[in-house]
Each structure stands twice: as C-alpha cells, then as structure tokens.
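For reference, the chains in residue letters:
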Amino acid sequence: MVRNENHNLTITRDPIFGHVFSKPENCLHLLQSILPDLGITEVEVTPQKQLNKKLLEKNVIMDLWAKNKDGKIFDVEMQTTKQKWPGEDLDQIGGTYIIFIYPFDPFGEGKYIYEGAFLLDKDNPDSQANTKTHWISINARGYKGKITSELKDFLNYIKYGLTKDSSNFIKKIDRERLDYIRSTEWRDAKMSLDVLLTDERTEARKEDRRQGRKEGIVEGKLEGKLEAQRIGVKEFVQNVRELDQSDDWIMSKLIKDYGKDFSEAELKKLMLEVEQE
C-alpha cells in the first residue's frame, strides 16, 4: 500500500471532500459511478462556501450541491458520524437525490447501497410518499449488492487510501487533496475542521458508552467498554495529529474526556501506539 502524506487528512474530511468534488468533472464522475442508470452527462456545481453562506441562517452545511441539465438536484454528503439531517423542507423538493457516503456501515446489513423512502405513517411501511426525493446511503464497508467498478474504486480509496491498484481518477483526486491541504486556503478550513472534530469526538464518546454497555452486558465484564474507549482515544489522536496541536494540548483533552477510565500513563501509551501504527 502507498502511504499517503498527511494520511489523517483524508477525502472523508468535510472541507477536503467539498473542495475536491466541487470541481464539475470530479462531481460528474462520482455521480455517474453512484447512479449509472440516470445517464448523467453534465452537472452544475455550487461551491460549498457559497452554499453555506446562503444557508447560514438555517444552520445547514452541505458538502456538495449539484444540478444536471434535466433539473435534478444532487446533495452529496460525506458522513463520518451518524447524524440526523437538519433540513425541514427537503421532502418538498422535486427530483432530488440526497446521497450520504459513510466510511462505516450505517445500518449494519452489509449492503453497498441503502435506499430509503418517505413514509406518511412511520408505523406503516406501505405508506410511502411520492415526493420525488431519493435518499441513498453508501457504505464503504459494504459487500452485498452490485455497484459500478468506479464506485468500488472510490470506496476502496475511502478505506485504504491510495494504493498501487488505484485508478487514474483516484490518483487525480488524491493529488488534488494534497494540493489543497498544502495551500493557504486550507488554513481557513482548519477552523471548520476543528469544530467537526469536536462533534465527532462527542459522538464517538456516546457510541463508546453504548458499545461498552452492550458488550459489558453480553460478556459480563468491563473489558468491552474499555476496548471501545481505547478505540475512541486512538481515533481522536489520529484526527488531531495533523492540526498542529501540541502533545500537551492533546493530552489535556484526553484527560478531560477519558480520565475517568484511564490514567495519564495509559493515555500516553495509547498516543505512542498511534504514532507506531
């Protein structure tokens, strides 16, 4: 495997994904790989920073907003945590494809692609509403179902980064990723990423607690929870390592969030393990 420079700043990071796929040719390739049956030949992309400025008063941040020549709208989101969609009126927009891309399996069924529909009655699966809005969740860890080879290449990129088998398109977007995180524009985006990482850490802690309780009940011991917490510590360290934060700053955050479960020596050991992986 080819190890990426700045490997923690991957395409799954919101500002990086938004920047790379705001280029129409990249967005078009991605949408064609996800929705081959639509015959998409061109798209018009609204850059993330312009879109977010328009939607600021609604507290909505979107990764990618595109429209094709037939008037269909595509909202593509890179989701690294399980989040509820904040918009209230999207079910009233016609001809819209809302696409979530996850580096993990959001529903645990192993499918590459999950497709959803609006229900008039949440307790009645037959009460689908014909809103012309298509909800699609893509699972990078999937293994069930058929997808295009191009989409599979992209999902492998999410999982493994750049490899010797990566396609020319993947090599292209990885170069653009690197160019972006080396640019002055990236410095401004770091502030937004800091906020994102804080949200992710909060969600990871909640998931750690849920997983720890579940495994503790099944196994009848505390080790399940502690292992989940160890994973949470390592993921946090990996995420902030590329943000020019000092070891002292990282340790202060770890002690605050995980100090009840681990000693300072144990946290330092976990930080060292991250460096060695």
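Use the structure listed above.
Residues numbered from 1 in each chain as written. Predicted model: local features only at pLDDT ≥ 70, side-chain atom pairs only at ≥ 80, totals over all residues. Heavy atoms only, no water.

Colleague: Explain the overall build of the chain to me, please; I cannot follow it from the model alone.
Modeller: Along the backbone of the chain there are 9 helices and 6 strands. Taken over 277 residues, the chain has a buried fraction of 43%. Long-range pairs, those at least 24 residues apart, make up 61% of the contacts in the chain with a sequence separation of at least 6. By element, 48% of the accessible surface of the chain is carried by carbon and sulfur atoms, the whole surface being about 16,000 Å². (Helix = DSSP H or I, 4+ residues; strand = E, 2+ residues; numbered from the N terminus. Buried < 20%, exposed > 50% of the residue type's maximum accessible area, 1.4 Å probe, protein only. Contact = heavy atoms within 4.5 Å. Areas by Shrake-Rupley, 256 points an atom, 1.4 Å probe, with all protein chains shown as cover.)

Colleague: When you look at the nonpolar core in this model, what are you seeing that I'm missing?
Modeller: Nonpolar side chains in soluble globular proteins generally cluster together in the buried interior. By size, the foremost hydrophobic cluster in this structure holds 41 residues, and its most contacted members are Phe17, Phe21, Ile99, Ile101, Phe154 and Leu155. Here this core takes 6 residues from helix H5 (residues 168-181), the largest share from any one element. Formed by 14 residues, the second largest nonpolar core is a distinct cluster that contains Leu226, Phe236, Ile250 and Leu254. (Core = buried A, V, L, I, M, F, W, Y, C linked by side-chain atoms within 4.5 Å.)

Colleague: Before we go on, may I ask you to explain the side chain of glutamine 79 in this structure?
Modeller: By secondary structure assignment, the location of glutamine 79 is in the loop between strand S3 (73-78) and strand S4 (96-102). Looking at glutamine 79, the relative accessible area reads 7%, which means it is buried. Look past the residues within four positions of glutamine 79 in its chain and what remains in contact with it is Phe100, Ile101, Tyr102, Pro103 and Phe104.

Colleague: Would you mind going over the sheet that holds strand S5 (residues 113-116) with me for this structure?
Modeller: Two strands in a sheet stick together by hydrogen bonds in their backbones, pointing the same way (parallel) or opposite ways (antiparallel). Read from one edge of the open sheet, 6 strands run S1-S2-S3-S4-S6-S5, paired in mixed fashion. Pairing within the sheet leaves two strands with one partner each, and these edge strands are strand S1 (43-46) and S5. Sheet twist, expressed as the mean angle between neighbouring strand axes with direction ignored, is 20°. Against the sheet, helix H2 (residues 24-34) contacts S1, strand S2 (64-68), S3, S4 and strand S6 (133-139), and its axis sits at roughly 115° relative to S1. (Pairing = 2+ DSSP bridges. Axes fitted to C-alpha atoms, helices over the stretch in contact; angles between N-to-C directions.)

Colleague: For this particular structure, what's the right way to read the packing of aromatic side chains?
Modeller: What characterises a pair of aromatic rings is the spacing of the ring centres plus the angle enclosed by the ring planes. Applying the stated criterion across every chain yields a total of 7 aromatic pairs. Measuring from centroid to centroid gives 5.6 Å for phenylalanine 21 and phenylalanine 154, while their planes differ by 85°, and the two rings are edge-to-face. Taken as a pair, phenylalanine 21 in the loop between helix H1 (14-20) and H2 and phenylalanine 154 in helix H4 (residues 149-160) lie far apart in primary sequence, 133 residues in all. You can call phenylalanine 154 buried: its relative accessible area is 2%. Where tyrosine 102 meets phenylalanine 104, the ring centres are 5.3 Å apart and the plane angle is 70°; that geometry is what we call edge-to-face. On the basis of relative accessible area, tyrosine 102 is assigned to the buried category, the value being 7%. Grouping aromatic residues by their ring pairs yields a cluster made of Phe100, Tyr102, Phe104 and Trp135. (Phe/Tyr/Trp six-rings, centres within 6.5 Å; stacked < 30°, edge-to-face > 60°.)

Colleague: Help me understand the environment of glutamine 229, please; the structure alone is not making it clear to me.
Modeller: Here glutamine 229 is to be found in helix H7 (residues 223-240). Counting along the chain gives 29 residues from glutamine 229 to tyrosine 258, while the straight-line C-alpha distance between them is 7.7 Å.

Colleague: Hey, could you run me through the side chain of serine 33 in this one?
Modeller: The residue serine 33 is located in helix H2 in this model. Setting aside chain neighbours within four positions, we find serine 33 in contact with Thr148, Glu150 and Leu151.

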